[in-house]
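# Structure assessment
Here is what each chain is made of, one letter per residue.
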Amino acid sequence: MRKTTTVRAAAAASAVLLLATACNSQRGQDDKDAAADGACQGQQTTGITDKTIKLGGIYPLSGPASAYGTISKGVSAYFKHVNDKGGIDGRTVEFIVRDDGYQPPKAVEEARRLVEQEKVFAVFQTLGTPSTAAVWDYLDKRKVPQPFVATGASVWGTDGKHPWTTGWQPNYVAEARVYAQYLKEEKPKAKVAVLYQNDDFGKDLLGGFKKAVAGSGIKVVAEESYEVTDPSVSAQMTSLARSEADVLLDVSTPKFGSQALAADAKNTRWDPLHIVNNVSSSATVLKPVGFKNVQGVVSATYFKDPADPQWADDAEMKRYREALRKHAPGSDPANQFNAYGWAAASSLHKALDAMKCPTREGLRDAVRNLKDVKVDMLLPGVTLSTGRDDAFPIETMQLMRFKGERWQLFGKPVDTRKEFGPLAK
């Protein structure tokens, strides 16, 4: 897979960290002191004992992507709920959350703090493509698991040089394929305008979409990018409107997703079908625009929406709501980002249960050997599956349309593995 500017910039930040790591004379002694014996002899046990597991997570609690910060509350609520029930295999989970402000250099700093000072067992969830790319070389060098990163960049599953890192959510190329298939069926002659974030996230989804519609009657007629440091995307939206496209593919993070939806609603002379990518589909993104202004917007998902009444009596949803009220009382249980965090933490629980050795190596191997594992917060038909050559745990999504004050699922779940085949490495 080609390396884009985000990965190169993140790699530069990572190189600085690796240089500093090489100067740490305590490294060998630290690893030696935290090794298993018996059948798991020589494997790393840093951060895990018979009674505890210490995990770290890096999220943008501040900065331009701070809307994602609440994911950590869903994760924390899950682990506290599990601790109330006796922990994971009798081990109490300690989850340490660090803020990187969606800045790769800060992510590097926080990763080092978690590994070298906090001595975590794993760095569970680094959020965002830039931050994850900035730290994965370091974590690979230190042999620290980086499971279920909170980003759908396809590189997490196609790269064969970082066995300690795995994705979780459907990758952006798979998501793009779902939208392309929908348009082929519903608007086979669509003219598409694209707003995208100018980094690996945006380019990954856009590139996947272009490949998926190649040779069809669907044409991308206009593209506009934005930087995460931009104050708004109003100029980009004005430019895209001139294309008179009948579809707008909105590849944005929450702050800019809200702005794009608002600009679309304000422009009464342009009325495209608005497709917003999953990472900006939370009701917290749509609500500031006004629900009446986002009717008919289309997206795709893979986990249960806590705002959808069809899950009101669902046992897992009840557990989630009760745990969030108890352990994160200021959080909104209807916020999809909180549910996302709960689902990701539940997935890690499954992987920890599957470890053959209670070691870092054991977790690394477990997350790469999942076979149709059911996670109760995922949609029916969506499971976790990985293999030696498949590091994409979730590749099934279902389309949804916004109606009234909530998303409504439509169509059937699409298993992108079966429908479109594996991604090229």
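If you're wondering where the values come from, they're calculated on a predicted model, not measured in any experiment. (Residues numbered from 1 in each chain as written. Predicted model: local features only at pLDDT ≥ 70, side-chain atom pairs only at ≥ 80, totals over all residues. Heavy atoms only, no water.)

## Focus: the side chain of T45
Relative to the assigned elements, T45 resides in the loop between α2 (27–33) and β1 (52–59). Look past the residues within four positions of T45 in its chain and what remains in contact with it is A34, A35, A36, P358 and T359. (Helix = DSSP H or I, 4+ residues; strand = E, 2+ residues; numbered from the N terminus. Contact = heavy atoms within 4.5 Å.)

## Some thoughts on the packing of helix α3 (residues 71–84) against helix α13 (residues 336–353)
Orientation of α3 relative to α13, taken along the N-to-C sense of each, is 45 degrees, at an axis distance of 6 Å. It follows that α3 is oblique to α13 by the angle criterion. Seen along the crossing, α3 lies across α13 with a hand that is right-handed. Where α3 abuts α13, its residues I71, K73, G74, V75, A77, Y78, F79, H81 and V82 lie against F337, N338, Y340, G341, W342, A345, S346, L348 and H349. Along the lines of polarity and charge, the residues of the contact of α3 with α13 split into 11 nonpolar, 6 polar and 1 charged. (Axes fitted to C-alpha atoms, helices over the stretch in contact; angles between N-to-C directions. Parallel < 35°, antiparallel > 145°, perpendicular 65-115°, else oblique. Left-handed = near helix turned anticlockwise from the far one by under 90°. Nonpolar A, V, L, I, M, F, W, Y, C, P; charged D, E, K, R; others polar.)

## With respect to the domain arrangement of the chain
As assigned here, the chain comprises domain 1 (48–170 + 307–394) and domain 2 (173–301 + 412–420). Computed over C-alpha atoms, the centres of domain 1 and domain 2 are 27 Å apart. In this complex, domain 1 contributes 19 residues to the contact, which on the side of domain 2 involves 18 residues. Summed over both partners, the interface of domain 1 with domain 2 comes to about 1,500 Å²; 55% of that surface belongs to carbon and sulfur atoms. Put simply, domain 1 and domain 2 have 1 salt bridge between them. Linking D390 and R417 is a salt bridge whose minimum nitrogen-to-oxygen distance equals 2.9 Å. Scanning the region where domain 1 abuts domain 2 turns up 8 residue pairs in polar contact (both at pLDDT 80 or more). Of all elements in the fold, only α5 (129–142) and α13 reach the threshold of two or more residues within the side of domain 1 that touches domain 2. (Domains from an automatic or database assignment. Buried area = accessible area lost by both parts, 1.4 Å probe. Salt bridge = Lys/Arg side-chain N within 4 Å of Asp/Glu carboxyl O. Polar contact = N/O pair within 3.5 Å; in protein donor to acceptor, adjacent residues only side chain to side chain.)

## Considering the confidence of the model for the chain
On average, the chain scores 92 in pLDDT, and the residues at 70 or more come to 92%. Confidence drops under a pLDDT of 50 for residues 1–6, and excluding neighbours within four residues, the segment shows 18 contacts in the predicted structure. (pLDDT = per-residue confidence, 0-100.)

## Here's the deal with the packing of α3 against helix α12 (residues 315–327)
Two measures define how a pair of helices packs: the angle their axes make with one another and the distance between the axes. It is the contact of α3 with α12, at a shortest axis distance of 9 Å, that shows an interaxial angle of 95 degrees. As judged from the angle between their axes, α3 and α12 are roughly perpendicular. Contact with α3, carried on its side by K73, G74, A77, K80, H81 and D84, involves R319, A323, L324, K326 and H327 of α12 and no other residues of that element. Here the contact of α3 with α12 is composed, by residue class, of 3 nonpolar, 3 polar and 5 charged.

## Quick notes on the packing of aromatic side chains
Each aromatic ring pair is summarised here by two numbers: the centre-to-centre distance and the angle between the ring planes. Going through the model one piece at a time under the given rule, you end up with 18 aromatic pairs. For the ring pair W136 and W156, a centre distance of 4.9 Å and an interplane angle of 85 degrees mean the geometry is edge-to-face. Of the two residues, W136 sits in helix α5 while W156 sits in helix α6 (residues 155–158), which places them 20 residues apart along the sequence. Owing to a relative accessible area of 5%, W136 belongs among the buried residues under this scheme. Taken together, the ring pairs connect Y59, Y78, F79, F95, F124, Y320 and W342 into an aromatic cluster. (Phe/Tyr/Trp six-rings, centres within 6.5 Å; stacked < 30°, edge-to-face > 60°. Buried < 20%, exposed > 50% of the residue type's maximum accessible area, 1.4 Å probe, protein only.)

## Points about the sheet that holds strand β3 (residues 122–126)
Across the sheet, 3 strands lie side by side as β2-β1-β3; this open sheet has parallel pairing. The open sheet has two edge strands with one neighbour each: β2 (92–99) and β3. Strand-to-strand twist in this sheet, taken as the mean axis angle between neighbours without regard to direction, amounts to 25 degrees. Pairing analysis gives 8 bridges linking β1 to β2, with the strands arranged parallel. Note on β2: the bridge partner recorded for Y59 is D99. Across the face of the sheet, α3 comes into contact with β1, β2 and β3 while running at roughly 165 degrees to β2. Packed on one face of the sheet, α13 meets β1 and β3 and runs near 150 degrees to β3. (Pairing = 2+ DSSP bridges.)

## Looking at the environment of P104
Among the secondary structure elements, P104 is positioned in helix α4 (residues 104–117). The sequence separation of P104 and A334 amounts to 230 residues, and the corresponding C-alpha distance is 30 Å. What P104 contacts, discounting residues up to four positions off in sequence, is P130, S131 and A134.

## Structural notes on the side chain of R368
Within the fold, R368 resides in the loop between α14 (360–367) and β9 (396–403). Summary of buried charges: R368 has no salt-bridge partner, and the nearest side chain of opposite charge, D159, is 6.8 Å away. Within the structure, the side chain of R368 is placed 3.3 Å from the backbone oxygen of H162, a separation counted as a polar contact. When neighbours within four sequence positions are excluded, R368 is seen to be in contact with H162, P163, T165, T166, T386, G387, R388 and A391. (Lys, Arg positive; Asp, Glu negative; His and termini not counted.)

## Some words on empty space enclosed by the protein
Inspection of every chain in the model, using the stated rule, returns 4 cavities of 30 Å³ or more. Taken as a whole, the largest cavity encloses approximately 290 Å³ of empty space. Split by domain, the lining of the largest cavity shows at least three residues from each of two domains, domain 1 (48–170 + 307–394) and domain 2 (173–301 + 412–420). Of the pockets and cavities examined, the second largest cavity occupies roughly 50 Å³. If you go around the second largest cavity, the residues you meet are T301, F303, K304, D305, D308, W311, L379, M400, W407, Q408 and L409. The element contributing the most residues to the lining of the second largest cavity is strand β10 (residues 406–409), with 3 residues. Residue classes in the lining of the second largest cavity are distributed as 6 nonpolar, 2 polar and 3 charged. (1 Å grid on protein atoms, 1.4 Å probe; cavity = no way out; pocket = protein on both sides within 12 Å on 5 of 7 lines; lining within 4 Å. Points joined across faces, edges and corners; volume = space filled by probe spheres on them.)

## Looking at the environment of D264
With respect to the secondary-structure elements, D264 resides in helix α10 (residues 254–266). For the pair D264 and V294, spaced 30 residues apart in sequence, the C-alpha to C-alpha distance is 9.0 Å. For D264, the side chain forms a polar contact with the side chain of H274, separated by 2.8 Å.

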